Amino acid sequence: MKIIQAINSMIENQSKITNVIQTKEEMFFVYNDKYKWSISESPNEQNEIFLHLYPDKNMSIEELSQVQDWQAHNFVTYKVSDFKTQEAFETFNELYQIVKSKIYGVDDLLDEIISGF
């Protein structure tokens, strides 16, 4: 399961998650200044998280976050229910929480608290 390994790598190197943009449905982000992703929870299914990878190098994360018609765009979707393991749910959920915390600047706030400033 390469995607679980990739998610774990993003979790371990969460400082490389940048440019987080929240829309009504999902949170878009860039990993390692190169890879464009978005992550969302299903409003209809409990514990369902979707992770989308956007391979198009010509669009910025800002442009992707404004797309209304996805039929003309390439992306790969991974979802927790495809894996059916507790480990997969925990991995997807941890990444979701990390990305969400970056929107609100929680990382910086917690770093300040930890460092004593």
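Refer to the structure printed above.
Residues numbered from 1 in each chain as written. Predicted model: local features only at pLDDT ≥ 70, side-chain atom pairs only at ≥ 80, totals over all residues. Heavy atoms only, no water.

Strand pairing in a sheet relies on backbone hydrogen bonds. The paired strands run either parallel or antiparallel. Pairing in this open sheet of five strands is antiparallel, and the strands run β1-β2-β3-β4-β5 from one edge to the other. In the strand order of this sheet, the two ends are held by β1 (17–22) and β5 (76–79), each with one partner. Adjacent strand axes in the sheet meet at a mean angle of 20 degrees, parallel and antiparallel pairs treated alike. Pairing geometry for strand β3 (residues 35–41) and strand β4 (residues 49–54), over six bridges, is antiparallel. Counterpart to Lys36 in the pairing with β4 is Tyr54. Helix α1 (residues 2–12) rests against β1, β2 (27–31), β3, β4 and β5 of the sheet, and its axis sits at about 80 degrees to β2. Where helix α3 (residues 86–103) meets the sheet, its contacts fall on β1, β2, β3, β4 and β5, and the angle it forms with β1 comes to roughly 80 degrees. (Pairing = 2+ DSSP bridges. Helix = DSSP H or I, 4+ residues; strand = E, 2+ residues; numbered from the N terminus. Axes fitted to C-alpha atoms, helices over the stretch in contact; angles between N-to-C directions. Contact = heavy atoms within 4.5 Å.)

Another point: the packing of aromatic side chains. If you walk through the whole model with that rule in mind, you get six aromatic pairs. Chaining the aromatic ring pairs together yields one cluster made of Phe28, Tyr54, Trp70 and Phe75. (Phe/Tyr/Trp six-rings, centres within 6.5 Å; stacked < 30°, edge-to-face > 60°.)

Okay, the nonpolar core next. Ranked by internal contacts, the top residues of the largest apolar core, which has 22 residues, are Ile7, Phe29, Ile39, Leu51, Phe92 and Leu95. For this core, the elements supplying multiple residues, two or more each, are α1, β2, β3, β4 and α3. Looking at this core element by element, the count peaks at seven residues for α3. If near-sequence neighbours (up to four positions away) are discounted, Phe92 is found in contact with Ile4, Ile7, Ile39, Ile49, Leu51, Tyr78, Lys79, Val80 and Phe83. Counting residues in each nonpolar core, the second largest holds seven residues, with Phe28, Val30, Met59 and Leu64 among its members. (Core = buried A, V, L, I, M, F, W, Y, C linked by side-chain atoms within 4.5 Å. Buried < 20%, exposed > 50% of the residue type's maximum accessible area, 1.4 Å probe, protein only.)

With that settled, the discussion passes to the side chain of Glu26. Summarising the element assignment, Glu26 is placed in the loop between β1 and β2. There is no salt bridge for the buried Glu26, and the closest opposite charge comes from Lys24, which lies 12 Å off by N-O distance. A polar atom in the side chain of Glu26 sits 2.5 Å from the side chain of Ser38. If we skip the residues at most four places from it in the chain, Glu26 touches Ile21, Ser38, Ile39, Ser40, His52 and Tyr54. (Lys, Arg positive; Asp, Glu negative; His and termini not counted. Salt bridge = Lys/Arg side-chain N within 4 Å of Asp/Glu carboxyl O. Polar contact = N/O pair within 3.5 Å; in protein donor to acceptor, adjacent residues only side chain to side chain.)

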